[in-house]
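# Reading the structure
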Amino acid sequence: MTSRAQSKRVRMLPEERRAEIVQTAARIALEEGLELVTLRRVADTLGVRPGLISHYFPVADALVSEAFTFATTKERESLLPSDEEGLSSLDRLARFLVRLADEDYLDLSRLWLNARHLSRFKDTLRQAVSTQESVTRTAFVTLVADGVRAGEFTTDDALRTALHILITVDGLGSYANADASQEGLDIRDAAIETAETRLGLAPGMLRALARSADPAAATPR
């Protein structure tokens, strides 16, 4: 008599299962777009029944919003990591902008572009986008203001300058689905150059600082 191994689904605590669902949805959103985040698609990816997903997320839009929030929170934590809080504002700014300028964050730029478009039609997602924009803006404005107080940056209006830089970052995100080179010009350093101009820094200074910390990360790809 031949015995056949039975596949067993690992039982998880409710909070663990919910976290797994959100992380899976975030991965789908990053790789394929928020439109593909459906209860059935997440269930198929996890190898479970759609009813399990709907138990935690009766409304698909709630899962879409949480997937976006999870991905963008992870983005912010990787761009402004807590273990770099002891560095100078100048060093942190250099690392933040150089990381954003290079290709590792293209999927996240596409996610932001995707979310801003869909948020026109989804109230829950619009609230999530607004919240994440506010949290990121507050963190960045604080970074610039700290640098001004420390004498590392020169500007008469830290808030206005920080917002100008972030607007440039957001503008670059609109090219996430296009070639980095537009009409023969490489636009990836636009936010870096904007920051150097508005903060009284020498041209090329931010990439040079980032390169000194991590040569590979500071080289445009």
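None of these values were measured; they are calculated from a predicted model.

### Concerning the overall build of the protein chain
Helices and strands together make up the secondary structure of the protein chain, namely ten helices and two strands. Reading the protein chain from its N terminus to its C terminus gives the helix and strand order α-α-α-α-α-α-α-α-β-β-α-α. Contacts in the protein chain between residues far apart in sequence, at least 24 positions, make up 62% of those at least 6 positions apart. As displayed, the protein chain has an accessible area near 12,700 Å², and 51% of this comes from carbon and sulfur atoms.

### Considering the packing of helix H5 (residues 89-101) against helix H10 (residues 205-213)
Two elements in contact, H5 and H10, have axes whose closest approach is 8 Å; the angle formed by their N-to-C orientations is 95°. In terms of their interaxial angle, H5 and H10 are classed as roughly perpendicular. Here Leu90, Asp91, Leu93, Ala94, Arg95, Leu97, Val98 and Ala101 of H5 come into contact with H10, specifically with Met205, Leu206, Arg207, Leu209, Ala210 and Ala213. Its residues placed into classes, the contact of H5 with H10 shows eleven nonpolar, no polar and three charged.

### Things to note about the environment of Arg41
Among the structural elements, Arg41 can be located in helix H2 (residues 39-46). The residues touching Arg41, leaving out its near neighbours within four places in the chain, are Ile28, Glu32 and Leu36.

### Quick notes on the pattern of salt bridges
When their charged atoms lie close together, side chains carrying opposite charge are able to pair. Inspection of the entire model under this criterion finds twelve salt bridges. For the salt bridge of Arg17 with Glu20, the shortest nitrogen-to-oxygen distance reads 2.7 Å. One end of the pair is Arg17 and the other is Glu20, both in helix H1 (residues 14-32) and three residues apart, which spans about a single turn. Residue classification places Arg17 among the buried positions, given a relative accessible area of 8%. One salt bridge in this structure joins Asp123 and Arg126, with 2.3 Å as the shortest N-O distance. Here the residue Asp123 and the residue Arg126 both occupy positions in helix H7 (residues 123-149), the gap between them amounting to three residues, near one helical turn. One salt-bridge network, held together by shared partners, links Glu84, Arg95 and Arg99.

### Considering the confidence of the model for the protein chain
Residue-level pLDDT values for the protein chain average 88, and 88% of them are 70 or greater. Note that pLDDT drops below 50 for residues 1-7; the model gives that stretch zero contacts with residues more than four away or on any other chain.

### Re the nonpolar core
Judged by nonpolar contacts, the single largest core of 58 residues is most densely connected at Leu34, Leu63, Phe68, Leu93, Leu97, Phe140 and Leu206. If near-sequence neighbours (up to four positions away) are discounted, Leu34 is found in contact with Ala29, Val64, Phe68, Leu111, Asn114, Ala115, Leu118 and Leu125.

### Thoughts on the side chain of Thr72
Mapped onto the elements of the fold, Thr72 is located in helix H4 (residues 60-79). Contact partners of Thr72, with chain neighbours within four places excluded, come to Trp112 and Gln132.

### As for the layout of surface pockets
Taken as a whole, the largest pocket encloses approximately 780 Å³ of empty space. At the level of elements, H4, H5, helix H6 (106-118), H7, helix H8 (158-173) and helix H9 (190-198) are the ones that each hand at least two residues to the lining of the largest pocket. A per-class count over the lining of the largest pocket returns 22 nonpolar, four polar and eleven charged.

### As for the packing of aromatic side chains
This model, assessed by the stated rule, comprises two aromatic pairs. Both rings, one in Phe68 and one in Trp112, keep their centres 5.0 Å apart while their planes meet at 85°; by these two values the pair is edge-to-face. With a gap of 44 residues between them, Phe68 in helix H4 and Trp112 in helix H6 connect regions that are remote in the sequence. Phe68 sits in the buried class, given a relative accessible area of 0%. Looking at Trp112, the relative accessible area reads 9%, which means it is buried.

Scoring rules and cut-offs
Residues numbered from 1 in each chain as written. Predicted model: local features only at pLDDT ≥ 70, side-chain atom pairs only at ≥ 80, totals over all residues. Heavy atoms only, no water. Helix = DSSP H or I, 4+ residues; strand = E, 2+ residues; numbered from the N terminus. Contact = heavy atoms within 4.5 Å. Areas by Shrake-Rupley, 256 points an atom, 1.4 Å probe, with all protein chains shown as cover. Axes fitted to C-alpha atoms, helices over the stretch in contact; angles between N-to-C directions. Parallel < 35°, antiparallel > 145°, perpendicular 65-115°, else oblique. Nonpolar A, V, L, I, M, F, W, Y, C, P; charged D, E, K, R; others polar. Salt bridge = Lys/Arg side-chain N within 4 Å of Asp/Glu carboxyl O. Buried < 20%, exposed > 50% of the residue type's maximum accessible area, 1.4 Å probe, protein only. pLDDT = per-residue confidence, 0-100. Core = buried A, V, L, I, M, F, W, Y, C linked by side-chain atoms within 4.5 Å. 1 Å grid on protein atoms, 1.4 Å probe; cavity = no way out; pocket = protein on both sides within 12 Å on 5 of 7 lines; lining within 4 Å. Points joined across faces, edges and corners; volume = space filled by probe spheres on them. Phe/Tyr/Trp six-rings, centres within 6.5 Å; stacked < 30°, edge-to-face > 60°.

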